[in-house]
Amino acid sequence: MAITKNRSMMITATNKVEIAIVREQDVVPLRNRVKDYGVKAGMSILNQTKLITATSELVRNLLKYGGGGKVLVEEVNNGRDKGVRATFIDNGPGIADIDLAMKDGYSTGKSLGLGLPGTKRLVNEFDIKTEMGVGTTVTIIKWKNG
Amino acid sequence: MGDFLLVTIQVDLYDQLAENLESDLINTINKHNSKGVLIDISAVSIIDSFMGRILGNIAVMAKILDAQTVVVGMQPAVAITLVELGLSLNGVISALNVEKGMDLLRAKMYNGDNEEQIDDDNSDQ
Ligand SMILES: Nc1ncnc2c1ncn2[C@@H]1O[C@H](COP(=O)(O)OP(=O)(O)OP(=O)(O)O)[C@@H](O)[C@H]1O
Ligand SMILES: [Mg+2]
């Protein structure tokens, strides 16, 4: 099952890095890496902050529910704007009901249930794919002027 | 009478550090019978739901120990992002800077616990 927000027509991606995430100490270096990409794309402080906050939420989910995994970070360009794409991949249990998981306040972890819906609001493109027993992949793009 | 505590967060905290801060702070409030806590977050460049929850917890626990928490210096980009994320720092009062935060705490002490009476600097973040 999958949910997608605003898929763009044609995107070129460059400078891909792959970062393994196995423990919480990996989170701050990842955030710094993503920030570097945002700066390089020429993003405002506000858009950098939104991108890094979204990254922080998703990597937290990847660790807490997905049991760790990896994150791909890339520079992207759609011909009109530059941006950053981050892809969060885990081989965890998957999400039984994505529509429910995307709702504000829904949490199986006794938390606030803000991570997924909040992240979707903070970025310009949001895509989540999940399969029970196989894992979850969340892809976000923040455009420089988005 | 208890004093005020000023805590400055200098780096972006990862989870364990944030949790340590929470318990250290509660212990310190208890030990010194502090009546007010100022948390300066002007050097913090992101607050996600986890960090937001820690700040909220500190405010709630401090309240139980009869201390008021004021968060000062939140960067505008952080404040805007928090709203969009959907996180409301319930019970956490904010002020522009340390000085204004102090004024707020002092005013609170004179006015007792009535939060409605103190509204300066409180609405702009
Ligand atoms: N990578 C994942 N693998 C499996 N389940 C996930 C994953 N990410 C999210 N979920 C499920 O979706 C729910 C909602 O996630 P979301 O991030 O919105 O809230 P939360 O993590 O529970 O709380 P918060 O992010 O506010 O601390 C989670 O409680 C969990 O059940
Ligand atoms: Mg979450």
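Just so you know, these numbers come straight off a predicted model, no measurement behind them. Throughout this description, residue numbers start from 1 for each chain and increase along the sequence as written. For naming, the first written chain is A and the first written ligand is 1, with later ones following in the order written. Given that the model is predicted, a residue must reach a pLDDT of at least 70 before its local features are reported, and side-chain atom pairs must reach 80 or more before they are shown or counted; all residues, however, enter totals for whole chains, interfaces and linings. Excluding hydrogens and water, the side-chain values take into account all heavy atoms of the structure.

Caption draft 1: Representation of the side chain of Asp-90 of chain A. All names here are of chain A. Secondary structure elements follow DSSP: runs of H or I no shorter than four residues count as helices, runs of E no shorter than two count as strands, and numbering proceeds from the N terminus. Along the chain, Asp-90 falls in strand S4 (residues 82-90). Here's how the labels work: a residue is buried when its accessible area is under 20% of the maximum for its type, exposed when over 50%, partly exposed in between, all with a 1.4 Å probe on protein chains only. For the purpose of charge, His is not counted, nor are the chain termini; Lys and Arg are scored as positive and Asp and Glu as negative. A pair is scored as a salt bridge if a Lys or Arg side-chain nitrogen falls within 4 Å of a carboxyl oxygen belonging to Asp or Glu. No salt bridge is formed by the buried Asp-90. Its closest oppositely charged neighbour is Lys-70, at 12 Å. Engagement of the side chain of Asp-90 in a polar contact is seen with the backbone nitrogen of Gly-92, the distance being 2.9 Å. Within 3.5 Å is the distance limit for a polar contact, defined as a pair of N or O atoms, with the added protein rule that one can donate a hydrogen and the other accept it, and that residues adjacent in sequence qualify only through two side-chain atoms.

Caption draft 2: Here's a closer look at helix H4 (residues 98-110) of chain B. Residues and elements named next belong to chain B. Multiplying 1.5 Å by the helix residue count minus one yields the expected span of that helix. An ideal rise of 1.5 Å per residue puts 18 Å on 13 residues; H4 measures up with 19 Å between its terminal C-alpha atoms. Every buried residue of H4 is accounted for by Gly-101, Leu-104, Leu-105 and Lys-108. Buried residues of H4 fall within an arc of 95° about the axis and therefore sit on the same side. Those residues of H4 that are exposed and angled more than 90 degrees off the buried face are Glu-99 and Tyr-110. In this description, contact between two residues means that some pair of their heavy atoms is separated by no more than 4.5 Å. Against the buried residues of H4 lie strand S1 (4-8), strand S2 (36-40), strand S3 (68-72) and strand S4 (93-95). Two or three places before Glu-99, at the opening of H4, Asn-97 has a side-chain oxygen 3.3 Å from that residue's backbone nitrogen. Note that the arc is defined by the directions from the helix axis to the C-beta atoms.

Caption draft 3: Just the site of ligand 1, in detail. The environment of ligand 1 is formed by 21 residues, the closest being Asn-61, Tyr-65, Ser-107, Thr-108 and Ser-111 of chain A. Site remark: ligand 1 is flanked by residues from chains A and B. For ligand 1, an oxygen atom lies 3.2 Å from a polar atom in the backbone of Gly-115 of chain A. Method for areas: the Shrake-Rupley scheme with a 1.4 Å probe, in which residue coverage is limited to the protein chains shown. Taken by itself ligand 1 offers 600 Å² of open surface, and the protein chains cover 94% of this. Two kinds of site are reported from a 1 Å grid over the protein atoms alone, namely cavities, where a 1.4 Å probe fits but cannot get out, and pockets, open sets with protein on both sides within 12 Å along at least five of seven lines, and residues are called lining when an atom falls within 4 Å of a point. The rule for placing a molecule in a cavity or pocket is simple: more than half of its atoms must lie within 2 Å of the grid points. More than half of the atoms of ligand 1 fall within 2 Å of the grid points belonging to the largest pocket. Listing elements by their share of the shell around ligand 1, those giving two or more residues are helix H2 (45-64) and helix H4 (115-122) of chain A together with helix H2 (49-64) of chain B. Examining the composition of the shell around ligand 1, we find that 3 residues originate from one element, H4 of chain A, more than from any other. Tallied by class, residues from the shell around ligand 1 come to 8 nonpolar, 10 polar and 3 charged. We call a residue near a molecule or strand as soon as one heavy atom of that residue lies within 4 Å of the molecule or strand. Ten residue types, Ala, Val, Leu, Ile, Met, Phe, Trp, Tyr, Cys and Pro, are classed as nonpolar, four, Asp, Glu, Lys and Arg, as charged, and the remainder, Gly among them, as polar.

Caption draft 4: Quick look at the packing of helix H1 (residues 27-40) of chain A against H2 of chain A. All names here are of chain A. Structural elements are reduced to axes, namely lines fitted to C-alpha atoms, with helices fitted over the stretch in contact, and the angle between N-to-C directions of any two is expressed from 0 to 180 degrees. Between H1 and H2, whose axes approach to 9 Å, the crossing angle comes to 150°. Relative to H2, H1 is oriented so that their crossing is right-handed. From H1, Val-27, Leu-30, Arg-31, Val-34, Lys-35, Gly-38 and Val-39 reach across to H2, where they touch Gln-48, Leu-51, Ile-52, Thr-55, Ser-56, Val-59 and Leu-63. When its residues are assigned to classes, the contact of H1 with H2 shows 8 nonpolar, 4 polar and 2 charged. Definitions for this section: a left-handed crossing has its near helix turned counterclockwise from the far helix by less than a right angle. A right-handed crossing has that turn clockwise.

Caption draft 5: How the structure looks around the pairing of strand S3 (residues 69-77) of chain A. All names here are of chain A. Sheet analysis places strand S2 (residues 12-21) next to S3, joined by 8 bridges and oriented antiparallel. Counterpart to Glu-18 in the pairing with S3 is Leu-72. In this structure, S3 lies alongside S4, joined through 9 bridges in antiparallel fashion. When the bridges of S4 are listed, Val-71 appears paired with Phe-88. By this definition, two strands are paired if DSSP reports at least two bridges between them. Where S3 folds back onto S4 in an antiparallel hairpin, the turn is made up of 4 residues, including Gly-79, whose phi is positive at roughly 90°.

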